[in-house]
Amino acid sequence: MSPATPLENLAVGIDLGGTATRFVAVDSREQVRARRIVGTPRSGNPEQLRRFINQNVRTIAEGGQILSIGIGASGPIDADGVIQNPDTLPAFTGVDLLPGIEREFHHRPAIDNDAVTAALGEARFGAGRSNPNMLMVTLGTGIGVCLLQHGQPFRAADGSHPEAGHLSISGPDAPCYCGRSTCWEQVASRRALQDAASSLFDDARDSSEDIDRASQLASTGDSAAIEMFANYGRRLADGLSNLIAAYGANFVVIGGSGSNYLPSYGPALREHLLEIQDCFPIPIVGAQLGEDGGAIGAALLGRDATVAGH
Ligand SMILES: [Zn+2]
């Protein structure tokens, strides 16, 4: 293994999530040289938010030379590269972040939806390596969706990223801020799984610990826990079947923190898909890059944009 040279070119990737922000520095041999995770600010003026980004970028790239910066952010990004997600990223919403980062580092950052960056990371280094046509579904506070066609993300007509986690599905009312009365995101996100798991316990902790406990119970044959995961798998299949029908996807990668529980709900998910249409089964696999996947994909996004721009 060769030692890092003082001026090694580094692609910095930032995964701006509702709870935590992950920073990675990827070197020219496509190795992650440094990683850092910090809490995402919930408040602050634009200058404080730029400083939050800039200080962490400087720290992560210490000892190297920044080649590019890429950002993956939860929720919609408008055509000017401004985050518009008041529910998950209230402090950053409406803030013109990029010029302040560009002034500091002399690189225009690339920014995209975090499902796009997660998909780019998995396609290049993870579960999608052998399949450049893949549907990525990230299960977190919400649901992120990205279809890659020949390695490129599918775009809406205006170039934006379609928010395909918001779909009308069958079942009891599950109203969503998007306006749908029964929205997939409300019943199939990791957050929804957590709420269902918490309802099993009198001493619920209202955290992912409840899903871990439910998973443990299910593995010992507890019928309530087994049924909870089966219901969740069916809800997940409802929306996924719509995406598969619309996109013609033939390979699905499940990412986000909800992918950790794929062994518990995967059987019901696959079984329900088989009931919906006979063109299945298609491979449904878990993401391989873990929690760093979005940040690694963001680094690739930034690097590709920089290379394309020169
Ligand atoms: Zn919705």
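Everything discussed here concerns the structure shown above.
Counting starts from 1 at the beginning of each chain's written sequence and moves along it residue by residue. Since the coordinates come from a predicted model, pLDDT governs what is reported: local features require at least 70, and pairs of side-chain atoms require 80 or more to be given and counted, while whole-chain, interface and lining totals use all residues. The side-chain values count all of the structure's non-hydrogen atoms but skip hydrogen atoms and water molecules.

Caption draft 1: View of the pairing of strand S1 (residues 8-16). The rule is simple: take the accessible area with a 1.4 Å probe, protein chains only, and divide by the maximum for that residue type; under 20% is buried, over 50% is exposed, in between is partly exposed. By definition, any uninterrupted DSSP run of H or I lasting at least four residues is a helix, any uninterrupted run of E lasting at least two residues is a strand, and each is numbered from the N terminus. Most of S1 sits inside the fold, with eight of its nine residues counted as buried. Here the rule is simple: two strands pair whenever DSSP picks up at least two bridges between them. Two elements, S1 and strand S4 (residues 64-73), share nine bridges in a ladder whose sense is parallel. The residue of S4 that forms the bridge with Asn-9 is Gln-65. As defined by bridge partners, S1 adjoins strand S2 (residues 20-26) across six bridges and the pair is classed as antiparallel.

Caption draft 2: Spotlight on the environment of Tyr-261. Note on placement: Tyr-261 falls in the loop between strand S9 (252-255) and helix H8 (262-276). Counting along the chain gives 46 residues from Tyr-261 to Ser-215, while the straight-line C-alpha distance between them is 7.6 Å. Residues count as neighbours in contact if any of their non-hydrogen atoms are within 4.5 Å of one another. Beyond its immediate sequence surroundings of up to four residues, Tyr-261 is in contact with Leu-193, Ser-208, Ile-211 and Asp-212.

Caption draft 3: How the structure looks around the pattern of salt bridges. By definition here, a salt bridge exists when the distance from a side-chain nitrogen of Lys or Arg to a carboxyl oxygen of Asp or Glu is within 4 Å. Counting across every chain of the model gives 19 salt bridges. Here Arg-35 ties to Asp-292 by a salt bridge, and the two come within 2.5 Å at their closest N and O atoms. Taken together, the residues Arg-35 in strand S3 (residues 32-39) and Asp-292 in the loop between strand S10 (284-286) and helix H9 (293-309) connect sequence positions 257 residues apart. For Asp-206, the salt bridge identified is with Arg-191, shortest N-O distance 3.1 Å. Here Arg-191 lies in helix H5 (residues 190-198) and Asp-206 lies in the loop between H5 and helix H6 (208-219), a separation of 15 residues in the sequence. Under the relative-accessibility criterion, Arg-191 is labelled partly exposed at 31%. One network of salt bridges, with partners in common, ties together Glu-8, Asp-27, Arg-29 and Arg-33.

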